Amino acid sequence: MKTGGKLIVDALEANGVDRIYCVPGESYLAVLDALHDSKIQSVVCRQEGGAAMMADCHGRLTGKPGICFVTRGPGATNASAGVHIAMQDSIPMILFIGQVASHAKEREAFQEVNYRRFFGDIAKWVVEIDDAARIPELLTRAFSVATSGRPGPVVISLPEDMLTSEVEAPAVLPAVAVETHPGEAELDRVEALLNAAKRPFVILGGTRWDHRLAFNDIQAIAESWSLPVGVSFRRQMLFDHLHPNYAGDVGIGINPKLGARIKDADLVLLIGGRFGEMPSSDYTLLKSPYPDQQLVHVHADPDELGRVYRPTIAINASPATFVRAFARRKGPAAPGWAEETKKAHADYLAWSTPPLTGPGPVQMGPIMNWLEKILPEDAILTNGAGNYATWVHRFHRFRRYATQAAPTSGSMGYGTPAAVAAKGLFPDREVIAFAGDGCFMMNGQEFATAVQYGLPIIVIVVNNGIYGTIRMHQEREYPGRVEATDLKNPDFAALARAYGGHGETVRETDEFAPAFERARASGKPSIIEIKLDPEAITPTRTLSDIRDRR
Ligand SMILES: Cc1ncc(C[n+]2csc(CCOP(=O)(O)OP(=O)(O)O)c2C)c(N)n1
Ligand SMILES: [Mg+2]
């Protein structure tokens, strides 16, 4: 006989889970008690939003579901921010919620929420387990749902009395992953389309990639066919930015030359991604429902094929099976577009070279240049949302898989908790979180988690004293009518020290390098606050330019 709590932990162990991210609650004490005897590490966090974002980052960097435990009501609603990210970003994750006891359900008992309704639109699957004997069945299904097709978050509600009840149940077996393969007929058609194309373009996106796939197999195809390759918004770790076939990231504020290149392509191979609103420049690069280009869309979820774009060829396959199968088809010796591929890479190199001047005493361009020189290729960079993120996305040249954790859903507050999870997973790699002053304050409390577990992340807080992105839009749409976008901030370096970390303040460009070296040498979680002039709102435009419509 086993308790429900013990069976949950057995199922996690059977599925290879080695850590969970949580904020405790009295609603799932039986699980915590079972974890006490397990090898699974619990990472205790400060707010459920941060815990869920850590679980998301875990899923993002490993491909295995990130596991999060939270309490009912407020714990669950706090965690919803991370569930939404995992949903939009196609990340495998399982959120467990302690639920009110069965006798009290439907009375609006203390902190009661109906999770099927609450998470209905932002989770891939929601289930409440009423009978502990069904835990092996429903958890096996949860692992399968979270990872199969288009990965996503599963929410599992655990009534308190179910967790303490004792039942007989079989030993739990690991879930079986579901794979989808392209057929030879489809591969023939793709090959024929490519051979007939004049200006083909490849876009990589989505999840379910791995290092070999992104850095050997897809490169081999790109080289064999001399294809230009772009990556979707915040999926930059899918292709080596210094590879001669790399054409740039297809995201917000796209290089206009790259945008034109995609619009002008006669064939687009979209592998793994959905090409949503952000990468598609609001559905203008590929038109919905009928793109001007021929479109080969490869996706592991049949529901995504034909959902927004009618493809010329729809291939229901994971990136892995498609890329490995297509790698056997060799390209022509010298295709007509080979010169254009070289130009595309030259365009990227020019676009990703930062400007060295700008308003104010701190210049982000030289700081990014310096970071590019000293950061190891396997450094992991995380961020949330804000104009500061442009500096990372445009000027950091990603070289490897599993080096980026940034929400395609544009959620603020992600960078710090993601860095905590990343450093816990890869203690030997350097982990740098970028945050704005607004962004940091959303989940900055997880800096305490970094201190608690001795995880020396470096958080670079780009402090311009405003919710910069919104101020930029405000000045453009309603010039001079500033409302609710100014911020009065704490002393971030002092905050780092108060948490038990290392703090630095950068007021001039030249102060950055020594501050960064001191942060590294401290061996502690660190915050480096960069005081950026709010006028430096984008790498190339000032706030005044935007207000005055120059
Ligand atoms: C959770 C969340 N709330 C609000 C927004 C809307 N939003 C997008 S960017 C932004 C401002 C970001 O400010 P900051 O982190 O200081 O970066 P900056 O733009 O100033 O560089 C806001 C409020 C969002 N994307 N996510
Ligand atoms: Mg700001």
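Procedures and definitions
Residues numbered from 1 in each chain as written. Chains lettered and ligands numbered in written order. Predicted model: local features only at pLDDT ≥ 70, side-chain atom pairs only at ≥ 80, totals over all residues. Heavy atoms only, no water. UniProt positions renumbered as here; feature names shortened; annotations may be inferred. Helix = DSSP H or I, 4+ residues; strand = E, 2+ residues; numbered from the N terminus. Pairing = 2+ DSSP bridges. Axes fitted to C-alpha atoms, helices over the stretch in contact; angles between N-to-C directions. Contact = heavy atoms within 4.5 Å. Donors = N, O, S within 2.8 Å, 3.2 Å for Na, K, Ca; no water. Buried < 20%, exposed > 50% of the residue type's maximum accessible area, 1.4 Å probe, protein only. Near = heavy atom within 4 Å. Polar contact = N/O pair within 3.5 Å; in protein donor to acceptor, adjacent residues only side chain to side chain. Areas by Shrake-Rupley, 256 points an atom, 1.4 Å probe, with all protein chains shown as cover.

For the protein, an unreviewed UniProt entry supplies the name Thiamine pyrophosphate-binding protein and the organism Aminobacter carboxidus. Per UniProt, the protein carries the Sequence similarities (unreviewed entry) text "Belongs to the TPP enzyme family."

**Q** Honestly, the UniProt feature "domain: Thiamine pyrophosphate enzyme N-terminal TPP-binding" (unreviewed entry) in the protein in this entry has me stumped. Any pointers?
**A** UniProt records the feature "domain: Thiamine pyrophosphate enzyme N-terminal TPP-binding" (unreviewed entry) for residues 3-114 in the present numbering. In residues 3-114, the share of helix is 45% and the share of strand is 19%. The end C-alpha atoms are 24 Å apart.

**Q** Even after reading the chapter, I still don't get the sheet that holds strand 4 (residues 66-70), so can you show me in this structure?
**A** Hydrogen bonding along the main chain pairs the strands of a sheet, whether they run parallel or antiparallel. Strand order in the open sheet formed by 6 strands is 3-2-4-5-7-6, and the pairing between neighbours is parallel. The open sheet has two free edges, formed respectively by strand 3 (41-44) and strand 6 (125-128), since each of these has just one partner strand. Averaged over all pairs of adjacent strands, the angle between strand axes in this sheet comes to 20°, irrespective of strand direction. Inspection of the sheet shows strand 2 (residues 19-22) paired to strand 4 by 2 bridges, in the parallel sense. For Cys22, the partnering residue across the bridge sits in strand 4 and is Phe69. Lying on the sheet, helix 3 (residues 48-62) is in contact with strand 2, strand 3, strand 4 and strand 5 (93-99); it crosses strand 4 at an angle near 165°.

**Q** Sorry if this is basic, but what is going on with the coordination of the magnesium ion (ligand 2) here?
**A** Angles between donor atoms at a metal ideally measure 109.5 degrees for a four-coordinate tetrahedral arrangement and either 90 or 180 degrees for a six-coordinate octahedral one. Protein coordination at the magnesium ion (ligand 2) comes from Asp437 (OD), Asn464 (OD1) and Ile466 (O), with a distance range of 2.0 to 2.2 Å. One chain supplies every donor for the magnesium ion (ligand 2), spaced along it as D-x26-N-x1-I. An identical accessibility class is assigned to Asn464 and Ile466; each is buried.

**Q** Teacher, can you tell me more about the site of ligand 1 here?
**A** Taken together, 17 residues lie near ligand 1, and Asn387, Gly410, Asp437, Cys439 and Gly468 sit nearest. Within the contact set of ligand 1, an oxygen atom lies 2.6 Å away from a side-chain nitrogen or oxygen of Asp437. Measuring from an oxygen atom of ligand 1, one finds a backbone N or O atom of Thr469 at 2.9 Å. In isolation ligand 1 exposes 590 Å². Once the protein is present, 77% of that is buried. Elements represented by at least two residues in the shell around ligand 1 include exactly helix 16 (437-443) and helix 18 (468-477). Ranked by residues supplied to the shell around ligand 1, first place goes to helix 16 with 4 residues.

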